[in-house]
Amino acid sequence: NYPKVVLDNLMNFLSTHDTGRMFTDLINIADGDRKKATKLMKIASLLTFTLPGVPSIFYGDEYGMENNDNSSRGCFDWNNYNNEIFAWYKKLSGIRKYTVMKDGEMNILYADYGKFVFERVSDNERIVVMTNMSNSPLDINLEGEFVSFVTGKKINSFKLKENELEILIEKK
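Residues numbered from 1 in each chain as written. Predicted model: local features only at pLDDT ≥ 70, side-chain atom pairs only at ≥ 80, totals over all residues. Heavy atoms only, no water.

1. Concerning the layout of surface pockets
Then, number 1: Here the largest pocket is characterised by a volume of approximately 270 Å³.
Then, number 2: Contributing to the lining of the largest pocket are 15 residues, with Lys39, Lys42, Asn163, Glu164 and Leu165 lying nearest its centre.
Then, number 3: The element best represented in the lining of the largest pocket is helix α3 (residues 34–50), accounting for five residues.
Then, number 4: The residue inventory of the lining of the largest pocket, partitioned by class, reads five nonpolar, three polar and seven charged. (1 Å grid on protein atoms, 1.4 Å probe; cavity = no way out; pocket = protein on both sides within 12 Å on 5 of 7 lines; lining within 4 Å. Points joined across faces, edges and corners; volume = space filled by probe spheres on them. Helix = DSSP H or I, 4+ residues; strand = E, 2+ residues; numbered from the N terminus. Nonpolar A, V, L, I, M, F, W, Y, C, P; charged D, E, K, R; others polar.)

Next comes the structure, spelled out in structure tokens:
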């Protein structure tokens, strides 16, 4: 219901100074499976960076900082931040260089039972974001020539397994 100019400027965040740490919550959701929690954190951060609005990172989320003694306000751990989640955030932050991420239109292409595909489009850019949190593969047909933002490789097949994601940049 927000006007587009407001929606494009809302803060998107996963946790804040007065909420629990997202990665701790995801570890609990994943029954202690840190590998699964890492995949879920990547999907959550992907949506934070690609949905309309401005990604806002509460310090420590960019490396999966956990609650410290039931407090979300622990000190930044300078000894353990350089990990898989941190590498993902560094890569993911590059998606914001595309102007379509700042003011492009958003169109939902598919949304059903944990599968979510949307595009951000403008006159000269198109980015398709795909996430699959269901128990079955996501198989979708898209027209156009795409390169994976994640791998840099040309993509012709659009199939995702459970807890996977993809960002597609259309070659125009």
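Following the structure, the description resumes.
2. Description of α3
Then, number 1: The end-to-end C-alpha separation of α3 is 24 Å, in line with the 24 Å expected for 17 residues at 1.5 Å each.
Then, number 2: Extensive coverage of α3 is indicated by the burial of twelve of its 17 residues.
Then, number 3: Turning to α3, its buried residues number three or more, namely Ala37, Thr38, Leu40, Met41, Lys42, Ile43, Ala44, Ser45, Leu46, Thr48, Phe49 and Thr50.
Then, number 4: The N-capping residue of α3, defined by a side-chain oxygen 3.1 Å from the backbone nitrogen of Lys35, is Asp33. (Expected span 1.5 Å × (residues − 1). Buried < 20%, exposed > 50% of the residue type's maximum accessible area, 1.4 Å probe, protein only. Polar contact = N/O pair within 3.5 Å; in protein donor to acceptor, adjacent residues only side chain to side chain.)

3. Topic: the nonpolar core
Then, number 1: Ranked by size, the top nonpolar core spans 28 residues in total, and within it Met41, Ile95, Ile127 and Ile167 carry the most contacts.
Then, number 2: Only α2 (22–29), α3, α4 (84–92), α5 (100–103), β5 (126–132) and β10 (164–170) provide two or more residues apiece to this core.
Then, number 3: Ranked by the residues each element gives to this core, the list is headed by α3, at seven residues.
Then, number 4: Grouped together as the second largest cluster of nonpolar side chains are eleven residues, Phe146, Ile155, Phe158 and Leu160 included. (Core = buried A, V, L, I, M, F, W, Y, C linked by side-chain atoms within 4.5 Å.)

4. Thoughts on empty space enclosed by the protein
Then, number 1: For the coordinates displayed, the defined rule picks out one cavity of 30 Å³ or more.
Then, number 2: Counted as a void, the largest cavity has a volume near 40 Å³.
Then, number 3: Here the residues of the lining of the largest cavity are counted per class, giving four nonpolar, two polar and one charged.

5. Description of α2
Then, number 1: Burial in α2 covers these residues: Met22, Phe23, Thr24, Leu26 and Ile27.
Then, number 2: Along its buried surface, α2 packs onto α3 and α4.
Then, number 3: Among the residues trailing α2, Asp31 stands out with phi positive, at a value near 50 degrees. (Contact = heavy atoms within 4.5 Å.)

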